[in-house]
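Each chain, written out:
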Amino acid sequence: MAAPTPHRTDDWWRDAVIYQVYPRSFADGDGDGTGDLAGVRARLPYLAELGVDAVWFTPWYLSPLVDGGYDVADYRTIDPAFGTLAEAEKLIAEARGLGIRTIVDIVPNHVSDQHPWFRAALAAGPGSPERELFHFRPGRGENGELPPNDWPSQFSGTTWTRLPDGDWYLHLFTPEQPDLNWAHPAVRQEHEDVLRFWFERGVAGVRIDSAALLVKDPALPDFVEGADPPPFIDQDEIHDIYRSWRAIADEYGGVFVGEVWLPDAERFARYLRPDELHTAFNFTFLTCPWEHGRLRRTIDDTLAEHAPVEAPATWVLCNHDVTRTVTRYGRADTAFDFASKRFGTPTDLDLGTRRARAAALLTLALPGSVYLYQGEELGLPEADIPRDRIQDPMHFRSGGTDPGRDGCRVPLPWQADAPSYGFGTQAEPWLPQPADWARYAVDRQSDDPDSMLALYRRALLLRRTEPGFGDGPLTWLPTEDGILAFRRTHGLVCVVNLSDAPTALPAHKRLLLASGPLDPDGTLPTDTAVWLSA
Ligand code: GLC
């Protein structure tokens, strides 16, 4: 690892590059077709060479995996498919030895229906104290046959399931993910203990799943279109929870990143006040189309909304829930929207890849921290999963119209000429890999100076060693239409051409990196970005 450079602050998280590992699909160490901690441990040198500062693991706890592990049955046990707690502890320590911090994923809004609390609640029956940990209610209608309210699910369909004993329970996601009642002190206490449990094991941070959903309007009123906020999102009382969490994190020097999907910038920023979460994912940027004006506005709005609370921005192009970047940017509609995902959308992968390369240089040059989702550094496209192999509940709950999220969760290709491309020893991993993925394999890209992997490695190295990156000011430079050009400190300049024509580069001393070849006359082609030292 390169030595820390003077421009980096002690607050590592303010400008970190954080790599998201989806353990089920990263690397299979025991050869059963499912990724695991042994696989991650074996590949830590890869992550160190890539040059990331931290790894965020999507949930690795005991889980029936109805929603990819976001249905947790026990936070203090690693799912046997992934390994053991002792292995997780080793992994955290080994990663730290390579300069890589660990971030775990906590899912406070709901648990698995196999969690002991929910099983006890089912057994104890209506009106029991065990049911008070969740949202159990009698139904409406003459015989209680109608759900207690009309809240829409985050995964389409209903949010209430009726039990044979007549009670209904609330689940904003699948019926296997009952929502916890955050008004109950035991729910708060348990999560505070879980945070300590993981901080004690040396994790540097916690990603908070569905972070704006925990608190519900206690009256559970019907959803009124346009209500702001709706009765199940962003209730004011939620901030009290995060203040108490922050006090715990501060004891350990830990940091939070919240999964906060909120359209209102001011309400979003409230989560980032100095005594709440350190950071939150920038979904406005993730959903933004590849379009000059929209990108520029999103960057400006992001910086403006973070400034008053003095929180660093985060820059995210994709994750385990959304269409992979090279696919999204290769489509007519380059925005991301859960509602409009469809099978068979025409895609130009060469175009998408060119743009994704430029977007990589753009995001890595912006002030703040950057999230990379495993495989993004390989330029993996969204895979078409045969319908009979799809596992994601989002697909089933849409009535089969939404392809779901499995297409971005396909096991990684490590070796071009090995079974399952070196993911494991089995030919067939838990999700099928496309037949033409040898070209994306790590070994093949490592030998190719023009590969996406080579670009990311060089970009991350420069970002670590050249001054001007990370936290700090950004100044826009005057440009022709369709060009994003900004200056950071120490003469660092980033230029991205989103127009239809080549553009001249501003005066500079050195070209640090380009996302693609420049034109023979030295101009910057469409959908290409450069870093300059000016
Ligand atoms: C978050 C996760 C997603 C999961 C959902 C329910 O949005 O990122 O994968 O399905 O929460 O826990």
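Residues numbered from 1 in each chain as written. Predicted model: local features only at pLDDT ≥ 70, side-chain atom pairs only at ≥ 80, totals over all residues. Heavy atoms only, no water.

Q: Provide a residue-level description of the overall build of the chain, including the pertinent values.
A: Check the secondary structure of the chain and you find 15 helices and 18 strands. Radius of gyration (C-alpha) of the chain: 23 Å, near the 24 Å computed for a compact globule of 534 residues. C-alpha extents for the chain along the principal axes are approximately 75 × 50 × 45 Å. Of all 534 residues assigned to the chain, the portion counted as buried reaches 61%. Restricting to contacts in the chain with at least 6 residues of sequence separation, those with at least 24 account for 66%. Of the roughly 19,900 Å² of accessible surface on the chain, a fraction of 53% belongs to carbon and sulfur atoms. (Helix = DSSP H or I, 4+ residues; strand = E, 2+ residues; numbered from the N terminus. Rg over C-alpha atoms; globule rule 2.2 N^0.38 Å. Buried < 20%, exposed > 50% of the residue type's maximum accessible area, 1.4 Å probe, protein only. Contact = heavy atoms within 4.5 Å. Areas by Shrake-Rupley, 256 points an atom, 1.4 Å probe, with all protein chains shown as cover.)

Q: Hey, could you go over a negative patch on the surface for me, with residue numbers and the actual values?
A: On the surface, Asp443, Asp447, Asp448 and Asp450 cluster together to form a negatively charged patch. Structurally, the position occupied by Asp443 is in helix 14 (residues 442–446). (Patch = residues over 30% accessible without salt bridge, like charges linked within 9 Å, V, L, I, M, F, W, Y side chains within 5 Å. Salt bridge = Lys/Arg side-chain N within 4 Å of Asp/Glu carboxyl O. Lys, Arg positive; Asp, Glu negative; His and termini not counted. Charge placed at Lys NZ, Arg CZ, Asp CG, Glu CD.)

Q: A description of the environment of Glu87 should follow, citing residues and the corresponding values.
A: For Glu87, the location among the structural elements is in helix 4 (residues 85–97). By relative accessible area, Glu87 is classed as buried at 18%. Residues Glu87 and Tyr61 lie 26 residues apart in sequence; the distance between their C-alpha atoms is 12 Å. Beyond its immediate chain neighbours, meaning those up to four positions away, Glu87 contacts Leu37, Ala38, Arg41 and Phe82.

Q: For helix 4, give the residues involved together with the corresponding values.
A: Over its 13 residues, helix 4 runs 18 Å from end to end, which matches the ideal 18 Å to within 8%, given 1.5 Å per residue. All of the buried residues along helix 4 are Glu87, Ala88, Leu91, Ile92 and Ala95. Down the axis, helix 4 shows its buried residues gathered within 140 degrees of arc, on one side only. (Expected span 1.5 Å × (residues − 1). Arc of directions from axis to C-beta.)

Q: So what's going on with the pattern of salt bridges? Residues and values would help.
A: Considering all chains together, one arrives at 33 salt bridges under this definition. Here Glu49 makes a salt bridge to Arg457, at a shortest N to O gap of 3.8 Å. Note that Glu49 is positioned in helix 3 (residues 44–50) and Arg457 in helix 15 (residues 452–465), a separation of 408 residues in sequence. One salt bridge connects Arg405 with Asp392, and the closest N-O pair in it is separated by 2.7 Å. On the criterion of sequence distance, the pair formed by Arg405 in the loop between helix 13 (393–397) and helix 14 and Asp392 in the loop between strand 13 (369–373) and helix 13 is long-range, its members being 13 residues apart. In this structure, Arg405 and Asp392 share a single accessibility class: buried. What emerges from the salt-bridge pattern is a single network uniting Asp67, Asp321, Asp392, Arg405 and Arg409.

Q: Explain the domain arrangement of the chain to me, and be specific about the residues and the numbers.
A: Split into domains, the chain comes out as domain 1 (12–109 + 185–458), domain 2 (116–170) and domain 3 (474–533). Here the C-alpha centre of domain 3 lies 56 Å away from the C-alpha centre of domain 2. (Domains from an automatic or database assignment.)

Q: How would you summarise the packing of aromatic side chains if you had to cite specific residues and measurements?
A: If you walk through the whole model with that rule in mind, you get 34 aromatic pairs. Centre to centre, the rings of Tyr19 and Phe26 are 6.2 Å apart; their planes meet at 80 degrees, and the pair counts as edge-to-face. Judged by relative accessible area, which is 0%, Tyr19 ranks as buried. Summarising the aromatic geometry, the rings of Phe281 and Phe283 are spaced 5.7 Å apart at their centres and angled 50 degrees between planes, so their arrangement reads as tilted. Summarising the burial analysis for this pair, Phe281 and Phe283 share the class buried. An aromatic cluster is defined as three or more aromatic residues linked by ring pairs; in this entry it consists of Trp56, Trp261, Phe281, Phe283, Phe336, Phe338 and Tyr371. The cationic tip of Arg24 hangs over the ring face of Trp430; the distance from NZ or CZ to the ring centre is 3.8 Å. Arg76 extends its terminal NZ or CZ atom over the ring of Phe197, reaching a point 5.9 Å from the ring centre. (Phe/Tyr/Trp six-rings, centres within 6.5 Å; stacked < 30°, edge-to-face > 60°. Lys NZ or Arg CZ within 6 Å of the ring centre and 35° of its normal.)

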